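The residues making up each chain are set out below.
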Protein chains: 2
Amino acid sequence: MPSLDLSTLVQQADTRIVLVVMDGLGGYATAERGSELEEASTPNLDRLASEGSTGLVEPVGPGITPGSGPGHLGLFGYDPLEYELGRGALSAAGLDVELKPGDVAARGNLATLDKDGNVTDRRAGRIPDEEAAAVVDKLRDGVDIDGLDVLLVPEAQHRVLVVLRGDGLDARVTDTDPQATGVPPLSPEPKVPDAKRTAEVVAELDGQVRALLANEAKANALLLRGFDSHRELPSMQQRYGVKPAAVAIYPMYRGIARLVGMEVLAKAADLDGQVAQLREHWERFDYFFVHHKYTDSAGEDGDFDRKVGAIEALDAAIPAIVDLGPDVVVVTGDHATPSQMAAHSWHPVPALMWGDRVGRDGTERFGERWCAGGLLGIRPTKDLMPVALAAAGRLAKYGA
Amino acid sequence: MPSLDLSTLVQQADTRIVLVVMDGLGGYATAERGSELEEASTPNLDRLASEGSTGLVEPVGPGITPGSGPGHLGLFGYDPLEYELGRGALSAAGLDVELKPGDVAARGNLATLDKDGNVTDRRAGRIPDEEAAAVVDKLRDGVDIDGLDVLLVPEAQHRVLVVLRGDGLDARVTDTDPQATGVPPLSPEPKVPDAKRTAEVVAELDGQVRALLANEAKANALLLRGFDSHRELPSMQQRYGVKPAAVAIYPMYRGIARLVGMEVLAKAADLDGQVAQLREHWERFDYFFVHHKYTDSAGEDGDFDRKVGAIEALDAAIPAIVDLGPDVVVVTGDHATPSQMAAHSWHPVPALMWGDRVGRDGTERFGERWCAGGLLGIRPTKDLMPVALAAAGRLAKYGA
C-alpha cells in the first residue's frame, strides 16, 4: 500500500499543540469496577472530552503489548513497525547517554564465571548498585582498546550500558551472553564481513574485563547482548515542520524525545514544575510533549488506587495547561498498564483531542467505554499526530 | 502489506447500487450547535440510517484534507494514494476536455510581465472572463507549433487549460510559472531525457505567446505549471464487473466519472432531473453515481444555513430514489467542507448504507456523532465500495 509523505503537505501556522501523555494510561473494567480512568474523578479531562473528540488508540497493533519505545514513537506519529529503537539505543536514552553516529551500544550484565570459565550466575547475584559501581570504575580505569573509547555506564544492579565509540565499528555482531548457566560466554562473531573488527574488539574487551575482574568474587565477567547502533530517526521538524519541546522528568522519555529531535527542557520536580516550564517556554516552541510517569509506575505495582490518584493529579493540572491558550490539546497514553496485570498490556488506550476545529462527539466523560464510540474512532496511535496537525492548521490539502 | 485483488472475486448479479454523494457533506459540531447534517431535518436519510448501517469515512487518511479528485476516487473504491489525478487531468475533466493518451496538459495563468520581462502580476489583474476569452482567441489564431495541436481552453478569469497533442510528448517538464513576482518566467527544463522535446515545445510556445500578446496591457504572457499526462485508470467495469453511470451536473465530477469508465448521462438541470435520469436509465446500468454539489458550494461560502438547506433538498429526493428499487443505497460525501472553515477539511464524513442484506445498527439519525458508533465503523472511504458490492451479492467467497 502506498503511503503518504506527510512532510509534502506541511504548512506553517502560528498554532501550538500540547500532547499530554499519561504513561500506561489504559486499563480495563471488570465485574467489580471500571478501569482506573473510568473510576477516577476527572472533571477537567471530562470537560475536554465533552468539548472535543474521543477515541481509542492502539500503539503498535491489535493484541500487541508495546514497550515504551514503540509506544512513544507512535505518539509522535512514527510507525513503530517502521522505526525501531533497539535495546542499546533505549538503554542509552534511559541513561541520558547520547549515542553518536558510528557508536555501537550493547546491554551488559555483570556475571559470575566459575574457575573453568562457565557462567554460574548471569546477574552476579543481582549485585547491589554500589558494588556494581565500584566494579565498573575498575573497568573504566583498566580497559584500554587501541583507537576506541569504551563508555561504561552502570544501570541498576548488574546492568551496564556499554558504548564503543570510534571509527569503523559495526553493530552486526552476535551476543556474548549465552542466556544460560553452565556454559562459557559465547565468542562474538561478525554477522557481516564489515563487523569483523567490531567482533575482534568485543573479544578483546571480554578478555580485558575477565583479567581486570579476576579477583572479584561475584562480578568477574561482563556478558553483552543486543549490539545496536545509533539510529538516525527523521526529526519531527523534518516530518511535521514543528519546533518541538519535551517536558519530561524520567530519563528514558527525555531520551526518546531527543531521538525525534525535540529540545528537552530542564528536568522539573513535579507536574507543577512541568506546567511552569510550558509557560516559560510557550513562545519558543509550537509542539509540547508533557510526560506523566506515575500512572504507569502505579499500574506496574498493581496499585489500582495509586493509579487513580496519579490520573486525578494529572487532571488537576489540565486547567493551567488550557489557560496557556493551546490550539490543540491531545491527552492519551503510550500504552495500557492495567493494575490487575501489573504490567504493560495490549488494551487500547483512551484518547481525547480538544481544540476549536477538532469537532465534538457525544462523549461526555473520558474513559475506555465512553471513548469507544467517539469521533476519533479506534485507530493506530500514530494517526493522532496528523489529525492534531490538521486541527492546528498545519497540513495543506492533498490533491486537486 | 498484501492487498486483495477484488476483481478475482467479482460475480454477476441482477442488482443495482446507487451511490449518492453530497459533496463536502462532513462538518463538525461546536458549543453552539451541531454540524450542518446534525442540524438539518432529514427524515428520509434518518430512515435509511435507522434501517441500515452507518459509519464515518476518511477519504485519504487521518488528518488529510482531500481535493475533489482523491475524494471521489475513494468513493469509487480506488485508493487515492495509489491512483493520482494530476491538476492538468482534473482541469481537463472540469472543462469536459477529454485527454487522450500522449497528451500533455498544464494549468496556465494569463500574467503580466513588465518591459524587462519580469512578472508583475501572476493573474493579469484577475482579468475578466470575456477579456481572457479574447486573449485566448488571439493565441488560438496565432500559435503554430510544427507537428502539434495546441488546445487552449479558458477557465474562469486568468486560468487557461493548455493541452499539447501530438507524438513524442512527455509531461515530465518543469513549470514556467515562477510562483512569484519581480522575476522572469522560468525556463522549462526536462526532468528526464525523454522530455527534452516537450521542454523545447514549451519554450517555443512561451516565445510565441509573448510575441502575440506583446501589445496587451494586462495579459502579455502565459505561465504554465503542473504538466500532466493522460492517466489510464482501470475502469470500474474491469475492477468490479459493474456497468456504471454518472448522474452529475458539474463538469469536474462528470470528468472524474468518465476517467473511471462511467457512462456520463446528459446534464440534468437539478436534483429532480437527476432522479428522472436515474429512472430513465435504470434498466441499462447497475451502478449509479449521483452527485449533489450544493452542500460543498454552501460550505465553501461559509454559509451554514445554505448547506443545511442543500442537505434537506437532497433528503427530499431520497424517496424517489428508493422507489426505483435499488438493492443497495450508499449516501456519503467526498470530503468534509465545514462552513466554519469555508474550505475542505480532514474531518471524517458520515456514511450510511442501506439494503436488504446490509444489516442495521443502533443509529437512528444520520449525522457525525451518531454515525461514529455505527456498524460500518470509521474507515477509509475506499472500503465502502467492496461492502456495497458484497451487499449487492456481487462478491464471491474468498478462500475455501
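Report follows, based on the coordinates.

Parameters at a glance
Residues numbered from 1 in each chain as written. Chains lettered and ligands numbered in written order. Predicted model: local features only at pLDDT ≥ 70, side-chain atom pairs only at ≥ 80, totals over all residues. Least-squares fit on C-alpha atoms with pLDDT ≥ 70 in both. Contact = placed C-beta atoms within 7 Å. Helix = DSSP H or I, 4+ residues; strand = E, 2+ residues; numbered from the N terminus. Buried ≥ 20, exposed ≤ 12 C-beta atoms within 10 Å, placed from the backbone. Pairing = 2+ DSSP bridges. Axes fitted to C-alpha atoms, helices over the stretch in contact; angles between N-to-C directions.

Note on the copies: chain A fits chain B at an RMSD of 0.3 Å, the axial shift is 0.1 Å, and the rotation between them is 125°. Each copy turns onto its partner about a three-fold axis. Residue G373 of chain A of chain A places its C-alpha closer to the rotation axis than any other residue of that unit, at 2.7 Å. The fraction of interface residues of chain A whose copies in chain B are also interface residues is only 12%, indicating that the copies meet through different surfaces.

Next up on the list: the interface of chain A and chain B. Accessible area lost upon the coming together of the parts is a frequently used measure of interface size. Taken together, the contacts link 25 residues of chain A with 32 residues of chain B. Elements with a minimum of two residues in the side of chain A that touches chain B: β13 (377–380) and α13 (384–391) of chain A. Among the elements that make up the side of chain A that touches chain B, the one with the highest residue count is α13 of chain A (4 residues).

Residues and elements named next belong to chain B. Position of Q12 relative to the elements: it lies in the segment before β1 (17–22). Residue Q12 is classed as exposed on the basis of its C-beta count, with 10 C-beta atoms lying within 10 Å. Along the backbone, Q12 and V242 are 230 residues apart, and their C-alpha atoms lie at a distance of 8.2 Å.

This brings us to the pairing of strand β2 (residues 53–58) of chain A. Residues and elements named next belong to chain A. By the criterion of burial, β2 is predominantly enclosed, with 6 of the 6 residues buried. In β2, alternate side chains face the same way, and those of S53, G55 and V57 on one face and T54, L56 and E58 on the other are all buried. As paired strands, β2 and strand β12 (residues 349–355) are joined by 5 bridges and run antiparallel to one another. Following the sheet pairing, T54 is matched in β12 by L352. By the bridge criterion, 4 bridges tie β2 to β13 in an arrangement that is parallel.

Let us now look at the sheet that holds strand β8 (residues 244–247) of chain A. Residue and element names in this part refer to chain A. If you walk across this open sheet you meet the 8 strands as β9-β8-β10-β1-β11-β12-β2-β13, and the pairing is mixed. Whereas interior strands pair on both sides, the edge strands pair on one side only; in this sheet they are β9 (263–264) and β13. Against the sheet, helix α2 (residues 43–51) contacts β2, β11 (328–332) and β12, and its axis sits at roughly 70° relative to β12.

Turning to the sheet that holds strand β12 (residues 349–355) of chain B, a few remarks are in order. All names here are of chain B. If you trace the 8 strands from one edge of the open sheet to the other, you get β9-β8-β10-β1-β11-β12-β2-β13, paired in mixed fashion. A single partner strand is all that each edge strand has here, and the edge strands are β9 (263–264) and β13 (377–380). Where strand β11 (residues 328–332) and β12 come together, 4 bridges link them in antiparallel fashion. Bridge pairing in β12 links V330 to M353. In this fold helix α9 (residues 271–280) packs onto β8 (244–247) and β10 (287–292), with an angle of close to 175° to the strand it touches most, β10. On top of the sheet, helix α11 (residues 304–323) reaches β1, β10 and β11; it is set at about 170° to β1, its chief contact.

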